[in-house]
Amino acid sequence: MFSSSTREVPEVGKVPRHLAIIMDGNGRWAKKRLLPRVAGHKRGVEAVREVIRGCIEQGVEYLTLFAFSSENWRRPADEVSLLMQLFVRALEQEVDKLHRNGVRFRVIGDLSRFEPRLVELIERGTALTAGNTRLTLTIAANYGGRWDITQAVARLLKVAPEKAAGFEPDDLAPFLSMAYAPEPDLFIRTGGEQRISNFLLWQLAYTELYFTDTLWPDFDRAALVGAIASYQGRERRFGRTSEQVGADA
Ligand code: IPE
Ligand code: IPE
Ligand code: MG
């Protein structure tokens with residue numbers, strides 16, 4: 001367990017240990033080229049490969065990617081179904097490669113709505129790569145930040161019913177779906193929108209936010225390096241003054 005990064009202050013100028021990304025703009029990338037939206041999602045998978053390689057090169061330890069939100073079921077049925085097919089295909093083709101590269105694969109989100117084939121591939125990939133330590137790749141699928149917090153409360157109260165009378169943030173943290181990772185240091189959203197869209201609500205409390213107009217399929221290693229450079233230029237104060245931070249360094 002990692003304690004909250006609001007207390008465990010990372011060193012300034014370092015590469016983020018945990019990078020969380022909302023991969024947005026696939027549809028607009030395709031539209032600009034008069035292609036169907038799914039063509040953008042396919043190119044988006046290429047960008048995922050690039051960014052995984054980039055994270056390994058840069059020494060990022062945890063990469064968390066928002067692939068499908070609990071709200072994305074509202075999209076047209078054919079787009080949802082194509083996204084699910086892409087997910088299945090990506091798992092079939094990539095899990096062994098991830099394993100050879102020392103990547104630990106995890107999925108967070110409510111899996112109960114997924115087809116058995118997809119759940120099976122997720123479970124197989126998770127088990128196969130569980131011992132890897134180079135990079136932890138987490139895919140958020142049918143994930144919502146509010147779902148995460150409520151499922152954590154439900155699990156806490158099941159284990160410790162007496163906590164219904166009151167509990168602290170630290171009581172809840174072990175039940176959140178990313179309890180195995182430190183909180184994200186850097187959040188990136190591509191595609192120009194400046195919102196969180198129900199991604200990691202609890203975990204982003206003190207994360208540095210970076211928004212770029214670059215559409216996800218165009219987000220390459222150079223773009224990743226640029227985002228990390230922006231992060232490295234920031235001062236993370238966690239409530240303290242700049243002078244206090246300077247005195248500690
Ligand atoms: C992000 O790209 C991928 C998913 C949400 C699955 P979008 O599909 O949201 O692309 P835009 O926002 O329409 O361009
Ligand atoms: C957020 O993207 C979810 C993912 C990238 C998977 P959306 O494009 O669906 O977000 P909103 O709904 O426009 O905020
Ligand atoms: Mg979008």
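Above this text is the structure in question.
A brief report on the enclosed structure follows. (Residues numbered from 1 in each chain as written. Chains lettered and ligands numbered in written order. Predicted model: local features only at pLDDT ≥ 70, side-chain atom pairs only at ≥ 80, totals over all residues. Heavy atoms only, no water.)

**Remarks on the site of ligand 2**
Near ligand 2, the surroundings consist of Ile22, Met23, Asp24, Phe66, Ala67, Phe68, Ser69, Asn72, Arg75, Arg189, Arg195 and Ser197. The separation between an oxygen atom of ligand 2 and a polar side-chain atom of Asn72 is 2.8 Å. Here Arg195 contributes a side-chain N or O atom positioned 2.7 Å from an oxygen atom of ligand 2. Burial of ligand 2 by the protein amounts to 79% of the accessible area it has alone, namely 380 Å². Per-element tally for the shell around ligand 2: the top contributor is strand S2 (residues 62–69), with 4 residues. (Near = heavy atom within 4 Å. Polar contact = N/O pair within 3.5 Å; in protein donor to acceptor, adjacent residues only side chain to side chain. Areas by Shrake-Rupley, 256 points an atom, 1.4 Å probe, with all protein chains shown as cover. Helix = DSSP H or I, 4+ residues; strand = E, 2+ residues; numbered from the N terminus.)

**Some thoughts on the site of ligand 1**
Taken together, Met23, Asp24, Gly25, Asn26, Gly27, Arg28, Arg37, His41, Ala67, Asn72, Arg75 and Leu83 make up the full set of residues adjacent to ligand 1. In this structure, an oxygen atom belonging to ligand 1 sits 2.7 Å away from a side-chain N or O atom of Arg75. Computed on the free molecule, ligand 1 has an accessible area of 380 Å², of which 87% lies beneath the protein chains in the complex. At the level of elements, helix H1 (26–32) and helix H2 (37–58) are the ones that each hand at least two residues to the shell around ligand 1.

**Things to note about the packing of aromatic side chains**
Per the counting criterion, the structure on display carries 10 aromatic pairs. Measuring from ring centre to ring centre gives 4.4 Å for Phe66 and Phe199, while their planes differ by 10 degrees; the resulting arrangement is stacked. In this pair, Phe66 is assigned in strand S2 and Phe199 in the loop between strand S5 (186–189) and strand S6 (208–211), connecting sequence segments 133 residues apart. One exposure class covers both Phe66 and Phe199, and it is buried. With 6.5 Å between their ring centres and 50 degrees between their planes, Phe187 and Phe199 make a pair best called tilted. One end of the pair, Phe187, is in strand S5; the other, Phe199, is in the loop between S5 and S6, and 12 residues separate them in sequence. Phe199 gets classed as buried once you look at its relative accessible area, which sits at 0%. (Phe/Tyr/Trp six-rings, centres within 6.5 Å; stacked < 30°, edge-to-face > 60°. Buried < 20%, exposed > 50% of the residue type's maximum accessible area, 1.4 Å probe, protein only.)

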